[in-house]
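The primary structure of each chain is shown beneath.
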Amino acid sequence: VITTMAPKSFTTSAIFRVRHKYFYAKFREDRYFWGMLTMVKNLLLNLVYFIVPAVSSAMSSTGASILLANATLGLNLLQLLVQCHYLPYKVPMNSYLDAMLS
């Protein structure tokens, strides 16, 4: 709910700006949702380590490791491609720096 209010409230409400600056200040005005997407990606990365072993109990340990590695790399690659396309940070170089470091 707060993410949908951010584009309007961040520019008009000083209280909103002070209260939520840590989460929205680094992103462009049309990319306030990026912090939420990053948290969802991190949640999915953690869930992979619980779901893959449960699903791959009939597989060999090598097959399970390969599946785990592919799921992790796939999520990170998807996030990298979307980040390079949208450039969510106010300073474009920060988007590329974050892409290189993550």
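Here goes a summary of the coordinates provided.

Criteria and thresholds
- Chains are numbered independently. Their residues run from 1 in the order of the written sequence.
- Totals for whole chains, interfaces and linings use all residues, but because this is a predicted model, local features are given only for residues with pLDDT of at least 70 and pairs of side-chain atoms are given and counted only at 80 or more.
- As a rule here, side-chain values cover all heavy atoms of the structure and leave hydrogens and water aside.
- A run of H or I in DSSP becomes a helix once it reaches four residues, and a run of E becomes a strand once it reaches two; helices and strands are each numbered from the N terminus.
- For this analysis, a polar contact is any N or O atom pair within 3.5 Å, provided that within protein one partner can donate a hydrogen and the other can accept it, and provided that sequence-adjacent residues contribute only side-chain to side-chain pairs.
- Should any heavy atoms of two residues lie within 4.5 Å, those residues are counted as being in contact.
- By convention a nonpolar core is built from buried Ala, Val, Leu, Ile, Met, Phe, Trp, Tyr and Cys residues, the set being connected through side-chain atoms within 4.5 Å.
- The classification of residues rests on relative accessible area computed with a 1.4 Å probe and restricted to protein chains. Under 20% of the type maximum is buried, over 50% is exposed, and intermediate values are partly exposed.

Summarising the element assignment, S95 is placed in helix α5 (residues 92-101). At a separation of 3.2 Å, a polar atom in the side chain of S95 contacts the main-chain amide nitrogen of Y89. Those residues in contact with S95 that lie beyond four places of it in its chain are Q83, L87, P88 and Y89.

Attention now goes to the nonpolar core. Judged by nonpolar contacts, A6, F10, F16, F23, Y24 and Y32 together constitute the single largest core of 6 residues. Contributions of two or more residues to this core are made by α1 (2-12) and α2 (14-24). Top contributing element to this core by residue count: α2, with 3 residues. With residues up to four places along the chain from it excluded, the contact list for F23 reads G35, M36 and M39. Counting 5 residues, the second-largest nonpolar core is a separate cluster that includes L45, V48, L68 and L75.

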